[in-house]
Amino acid sequence: MSNQRNRIIAWVDQRFPLTRFIKQELTEYPTPRNLSYWWGFGFLAGFMLVLQIVSGLFLAMHYKPDAALAFDSVQHIMRDVNYGWLLRYLHSTGASAFFVVIYLHMARTLYYGSYRAPRELMWWSGQVLLLMLMATAFMGYLLPWGQMSYWGAQVITNLFRATPFIGDEVVIWLRGDYVVGDATLNRFFALHYLLPFLICGLVMIHLVALHFVKSSNPSGINLRARDNIPFHPYFTIKDFFGLGIFLIAFCGFVFFAPEFFIETDNNIPANPMQTPPHIQPEWYFLPFYAILRAVPNTVGGVVAMVLSILVFAAMPYLDRSRIPGGARYRPVYRILFFIFVIDIFVLSYVGSEPLSDNTTLAGQIATVVYFGLFLLIPLVSKPEERWLRKRGLPKPLEELLASEDQPLKKPLPFPGPLLVIGAVAILLTALDVHAAETKLAEVKIDASPAAAQRGAQVVTQVCMACHSLKYLTFRDLQALGMSQAEVDQLRGEQAINTPLLSMTPPEAAKESYGVVPPDLSLMAKARDGGARYVYTLLTSFHQDAKGDTQNRVFPGIRMPDPLGYSSAADAAQRRPIEQQARDVAAFLLWAADPRAGERHRAGYIVIGYLAIFTGLLYLLKRRVWARLPPMEPV
Amino acid sequence: MSKDLPFDPERREWLGKLTTAVGAAGIAGACWPLIRSMNPTVDVVAKANTEVDLAAIPPGKVETVAWQGKPVFVLHRTPEEIAAMAASSGVKDPQPDAARVQKPEWLVVVGICTHLGCVPNRNENGWLCPCHGSVYDNSGRILRGPAPRNLEVPAYKFIAAGKIIIGKT
């Protein structure tokens, strides 16, 4: 058996350098043994690339890049495709996770000065990869064809008006239409599918360069030969253990908080006639968006934004110091790094806030600081080096390079916790979770099936007089637990697979109320506060002095008081109506996410499995690394 | 390199194999949703049953209905046809007529030739496939031609008031 295998491998080796390749790039590839977990983010980025390609491939089998169908096809994926919700949430959460990983990968490179010679080409190929990733994410974000998708694409394509002389023509050319339209959606889908393969190609170049120059390491100097250990098994197991930890956090979002990364407004289909009150890009674009807005002039803003990304490429030239190890041994550089990180967080916050005098000023200051830091580096890096040498460090540089244990100064670890806290802070501010909800009633919605079933009665008998729930069918009501008889009575002559359409045709409703009553299928996701929004809306009707029915919290709403809340005389009469409102909210919560139960169950299994697997990886990693003697000081 | 350390190769090998097995199981498990996602979606499966109103089909006539996207022949047989079919049992794929119908007046068969998948055309004695000339009788049984088997009888059942529902329910 093994003889047979050896003969096959020998046959292959004569025609393809298989064994040599595995030896050179894996089992004998020398890797500095002191790499920390911060060196694992390249591997995680590779994993995310594969995950996005695989989940995207299966999504593309169901998605329809057509302006009239795109939004519906995403709902089809979420509701009808087997595990479609999983594919979509992996992909949407995956986009954010990809950027988290890439930004940490970049932060590590900056902190440890890994961009310096001889790794400039790695840094630059990484820079191009970042731009390609941004383009892919931006085009992918249009595909769900929600309000935020649409207006994001509208604004970003408009930036190209800054092109000299032919700006307007360029914008129309990019869109294939006078506004973002069907043609735009179709080409964005094509390019969104293409770019990841180009990224794969460039990743290969990135890796070839890496395996030529080898990994940097926290000491900033090349270790002695015996402190370089084979990549496999030491770093395969270390990287996989890191992946396990990462996946537990990632799956926590995918299975239990997937809407965290989806803007409320993106649950409303694209409407070219109306911009949402507050548009903002996804969190990973916020700092650059803030820089764009900080410059009062359109062209200037675009130039500043582009520069803010491209300026990273200049780092190998801007940093004049020859002291190794980046911020680890260089106090001034370290301070600049921290200011830069804080500045990024400030910019993200500013980018997520509506424009006001204060945010504009803060954005302008943060923008000046952003570019100022890059300009400072060449000015301070040489004096810093001279100062460090004079301070006595001086053990000549060569000796320093030979020993990690005699650093210029006690090294500081990578400020990982700070970055993680900051990233969470960005997410929370960027998502602006509280602002819109403060006026909503403090109410706890009982999302049990019983409540949802009661709510279904109210919705089908009251709300559906004017509203549709077009993504649900009578069959779904039966799945919720309504009896066959109830469902049969509701549907009458209609087939069981008929969507739940309002009893009033949309045109007639528009005539009566001036607007087409919105579809309720996604209402609990399409408004800030979700179920609490529904409850508050239904229980805020009252009669004003003139005897007209008004809504306290949402003045000007066209919907009349559907549950008769305003005509209830006292608390006792209001109580059953409040109960009905809670039930309606519970039903709409279920209607917006009927697969939530399935998702949670799957989540427990997946995270349980990952916990066990990661535990095993940890044990194995300890065993594997136990073979190495401690790293000797020189 | 490893002499003076608590390094136990046997234990490590055992742990390595276990971890690899658990990891492989995880990868296999992760493939499952991907494979499942390519199966017919919930809304397609829900449409896998077709109701047919039999009252609209006079004796001697056949109605072709779509079931799961496939043509199904529903033939209302006359007493003469019933008698003729009960008397024979086919040629290439012998089967009594009683085994192919639930009620003698109604023949329900999938209208796809068992040879290469064309839809046979109706004639007075049964069906003739236009592609390669397979001939079926009024029980959907193959008489002559290249088709190897009788026309398939789908799962169906009679529901209230002269209606059938085709498909598993």
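For clarity, every value in this text was computed on a predicted model and none was experimentally measured. (Residues numbered from 1 in each chain as written. Chains lettered and ligands numbered in written order. Predicted model: local features only at pLDDT ≥ 70, side-chain atom pairs only at ≥ 80, totals over all residues. Heavy atoms only, no water.)

Visitor: Would you mind showing me how to read the pattern of salt bridges here?
Guide: Scanning all chains against the criterion turns up 18 salt bridges over all chains. With a shortest N-O distance of 2.9 Å, Arg599(A) and Asp593(A) are connected by a salt bridge. Of the residues examined, Arg599(A) reaches a relative accessible area of 5% and is grouped as buried. Residue Glu13(B) pairs with Lys17(B) through a salt bridge whose shortest N-O separation is 3.7 Å. Of this pair, Glu13(B) and Lys17(B) both sit in helix H1 (residues 9-36), four residues apart, which is roughly one turn of that helix. Here the salt bridges do not stand alone but share partners, grouping Arg116(A), Asp319(A), Arg330(A) and Glu384(A) into one network. (Salt bridge = Lys/Arg side-chain N within 4 Å of Asp/Glu carboxyl O. Buried < 20%, exposed > 50% of the residue type's maximum accessible area, 1.4 Å probe, protein only. Helix = DSSP H or I, 4+ residues; strand = E, 2+ residues; numbered from the N terminus.)

Visitor: How should the environment of Val44(B) be read in this particular structure?
Guide: With respect to the helices, strands and loops of the structure, Val44(B) is situated in helix H2 (residues 42-46). In this structure, the C-alpha to C-alpha distance between Val44(B) and Gln68(B), residues 24 residues apart in sequence, is 8.3 Å.

Visitor: Can you help me understand the state of the cysteines in this one?
Guide: Such a bond, covalent and formed between the sulfur atoms of two cysteines, is termed a disulfide. All names here are of chain B. Under the definition given, this model contains one disulfide over all chains. Disulfide pairing places cysteine 118 opposite cysteine 131 at an S-S distance of 1.9 Å. Of note, the bridge from cysteine 118 to cysteine 131 carries an S-S torsion of about -90 degrees and is left-handed in sense. Placement of the pair is cysteine 118 in the loop between strand E4 (106-110) and strand E5 (121-123) and cysteine 131 in the loop between strand E6 (126-128) and strand E7 (135-136), with a sequence separation of 13 residues. Among the residues examined, cysteine 131 registers a relative accessible area of 38% and is labelled partly exposed. (Disulfide = S-S within 2.5 Å.)

Visitor: Any chance you could explain the interface of chain B and chain A here in plain terms?
Guide: The extent of an interface is frequently quoted as the accessible surface area lost upon association of the parts. Each partner contributes residues to the interface: chain B has 28 residues there, and chain A has 28 residues. Carbon and sulfur atoms supply 70% of the area buried between chain B and chain A, which totals about 2600 Å² over both sides. Counting the contacts that link chain B with chain A gives zero salt bridges. Where chain B packs against chain A, one counts six residue pairs in polar contact (both at pLDDT 80 or more). If you list the elements that add at least two residues to the side of chain B that touches chain A, you get H1 and H2 of chain B. When its residues are assigned to classes, the side of chain B that touches chain A shows 14 nonpolar, eight polar and six charged. (Contact = heavy atoms within 4.5 Å. Buried area = accessible area lost by both parts, 1.4 Å probe. Polar contact = N/O pair within 3.5 Å; in protein donor to acceptor, adjacent residues only side chain to side chain. Nonpolar A, V, L, I, M, F, W, Y, C, P; charged D, E, K, R; others polar.)

Visitor: Explain empty space enclosed by the protein here, please?
Guide: Empty space among the atoms becomes apparent when a probe as large as a water molecule is rolled across them. Residues and elements named next belong to chain A. A complete count under the given rule lists six cavities of 30 Å³ or more for this structure. Volume-wise, the largest cavity comes out at about 120 Å³. Considering the residues around the largest cavity, the lining is formed by Leu110, Met315, Tyr333, Leu336, Phe337, Phe340, Leu373, Phe374 and Ile377. Only helix H14 (331-352) and helix H15 (357-390) provide two or more residues apiece to the lining of the largest cavity. Looking at the lining of the largest cavity element by element, the count peaks at four residues for H14. Class assignment of the residues belonging to the lining of the largest cavity gives a composition of nine nonpolar, no polar and no charged. (1 Å grid on protein atoms, 1.4 Å probe; cavity = no way out; pocket = protein on both sides within 12 Å on 5 of 7 lines; lining within 4 Å. Points joined across faces, edges and corners; volume = space filled by probe spheres on them.)

Keep in mind these values describe shape, not function.
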